[in-house]
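Residues per chain, in single letters:
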Amino acid sequence: MAISRIFRRERLDNYLKSDQHFAKTMSAKDLMSLGIGAVIGTGIFILPGTIAAQYSGPGIVLSFLLAAIVCSTAAMCYAEFASVLPVAGSAYSYGNLVFGEIIGWILGWALILEYVLAVAAVANSFGAYFNSFLAGFHLSLPTAVTGPYDPAHGTYGNVVAILVVLFISWLLNRGMRESMRINNLIVFVKIAIIILFVIVGVFYVKPSNWQPFAPFGTKGILRGASTVFFAYLGFDVVSASAAEVKNPKKNMPIGIIGTLIVASVLYMLVAVVLTGMVHYTRLNVADPVAFALTLVHQNWTSGIISLGALAGMFTMMVTMIYSSSRLIYSIGRDGLLPKFLGKIDDQTGTPKNSLAVITIVIALLGGFVPLAQLTNLVNIGTLVAFLFVSFGIIRLRHLPNLPQNSGFKVPWYPVLPIISGLLCFGMMLQLPAETWIASTIWFALGLVIYFSYGLHHSRLNDQED
């Protein structure tokens, strides 16, 4: 087999022709709602407290700022790709277009890992939070249906996790216009709850709690930044929607970069208020925001925070299930997975087959499999995509037959894309050894599938005949 065969590149006009059946209904506001829905989850009520206690002190606000700056380098690379190449599939399709089929497949396989595990883990947590919420009203579900399959502890499946995944899939199947209305509403509620905490909490801030500002020094702030970096992951899912966006050259960069700006502001506001309300040494608890409100005798807002957590998880699942269905569609469209996955429903303009398959997989994982040990794999899947997208900008600028003179451009080229790629690689080196071992097994499985199926069924084979 000639090595050049696996580095064949797709043509942009083929993608644009395949993706033209999508209904183009999404605006910049919808994109920002999708992105914020993915980035702002339950972490905003936990990370500012626990990271402040362990690493950064009140300097956690600088940790969030540094992490946002690092993420913004990758975000700008995504924005240029999404502006120049408005196709479904995000990093998978970009890799196929600029590096070749084998790199595209590896990126797609990495993103499948990220999306599926992320949603399944959050669905699992949603079930636990929902049960706690019911307990506040002295209600409860039978123990047998409140956890993963574990007969030794009396649980046989997380029914809430399964039902919420099925509901979101049903919602997305009805078309993006209706789905976005509901998602936008829940994102609005989530942001309102975060702002409510900031407004209530600011009246209980004691400036003395901000002293010392950096008790662990610069090293602590940097360690905190490397830890909270992963709180920002998720903005990349915005690029998966490019084929369904009105005026993608203008709206995609707004959606991606706007998501990061809003998320950064919200994280930093919560961090400032939380460390001002309670001394950082007391914040190493499971629920620091609710803990701080209880300390200042604002118990009524703890229930509101629980609602915010549920809203955060719900919108994250909407975004990730949506993005994963578009990713699976894109890989099916190219023949690297069975082609029925690459079909778009004429009535709703959605890829129903890929959505159905990904829903079944996520519902089974979220409902029956304990995922606590696998969530680090989400981070490595994301960082692999970030790495190739960052360095891919350099190749994108030098490829013929691709639009070069319109849309968003990464500033300080080529320095910024190189810095972005190196930063992402540095973050990958921070991940534990067991994550690398598990991901190596995942990628080896992916290569087996590619060489045994994808390479022989690729639609690029037809173009060579």
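Looking at an unreviewed UniProt entry, one finds the protein chain named APC family permease, with Levilactobacillus tongjiangensis as its source organism. According to the UniProt record, the Subcellular location (unreviewed entry) comment for the protein chain reads "Membrane".

S.K.: Go over the packing of helix 4 (residues 60-84) against helix 9 (residues 217-228) with me, naming the residues and quoting the values.
M.R.: The interhelical angle for the contact between helix 4 and helix 9, taken along N-to-C directions, is 55°, at an axis separation of 8 Å. By the angle between their axes, helix 4 is oblique relative to helix 9. Viewed along their axes, helix 4 and helix 9 form a crossing whose handedness is right-handed. Across the interface between the two elements, I60, L62, S63, F64, L66 and A67 from helix 4 touch I221, L222, G224, A225 and V228 from helix 9. Looking at side-chain class alone, the contact of helix 4 with helix 9 contains nine nonpolar, two polar and no charged residues.

S.K.: An account of a nonpolar patch on the surface is requested, with residue identities and associated values reported.
M.R.: On the surface, a cluster of nonpolar side chains totalling about 480 Å² of accessible area is made up of L62, L65, L66, I69, F213 and L222. With four residues, the single largest contributor to the nonpolar patch is helix 4.

S.K.: Provide a residue-level description of the packing of aromatic side chains, including the pertinent values.
M.R.: Scanning all chains against the criterion turns up 19 aromatic pairs. Measuring from centroid to centroid gives 5.1 Å for F22 and Y329, while their planes differ by 80°, and the two rings are edge-to-face. Of this pair, F22 sits in the loop between helix 1 (12-19) and helix 2 (28-39) while Y329 is found in helix 12 (residues 300-333), placing the two residues 307 residues apart along the sequence. Accessibility classification places F22 together with Y329 in one group, the buried group. Pairwise contacts between aromatic rings join W105, W109, W442, Y450 and F451 into one cluster. The side chain of R333 reaches across the aromatic face of Y15, ending 3.8 Å from its centre.

Reading the values: rules and limits
- Residues numbered from 1 in each chain as written.
- Predicted model: local features only at pLDDT ≥ 70, side-chain atom pairs only at ≥ 80, totals over all residues.
- Heavy atoms only, no water.
- UniProt positions renumbered as here; feature names shortened; annotations may be inferred.
- Axes fitted to C-alpha atoms, helices over the stretch in contact; angles between N-to-C directions.
- Helix = DSSP H or I, 4+ residues; strand = E, 2+ residues; numbered from the N terminus.
- Parallel < 35°, antiparallel > 145°, perpendicular 65-115°, else oblique.
- Left-handed = near helix turned anticlockwise from the far one by under 90°.
- Contact = heavy atoms within 4.5 Å.
- Nonpolar A, V, L, I, M, F, W, Y, C, P; charged D, E, K, R; others polar.
- Patch = residues over 30% accessible without salt bridge, like charges linked within 9 Å, V, L, I, M, F, W, Y side chains within 5 Å.
- Areas by Shrake-Rupley, 256 points an atom, 1.4 Å probe, with all protein chains shown as cover.
- Salt bridge = Lys/Arg side-chain N within 4 Å of Asp/Glu carboxyl O.
- Phe/Tyr/Trp six-rings, centres within 6.5 Å; stacked < 30°, edge-to-face > 60°.
- Buried < 20%, exposed > 50% of the residue type's maximum accessible area, 1.4 Å probe, protein only.
- Lys NZ or Arg CZ within 6 Å of the ring centre and 35° of its normal.

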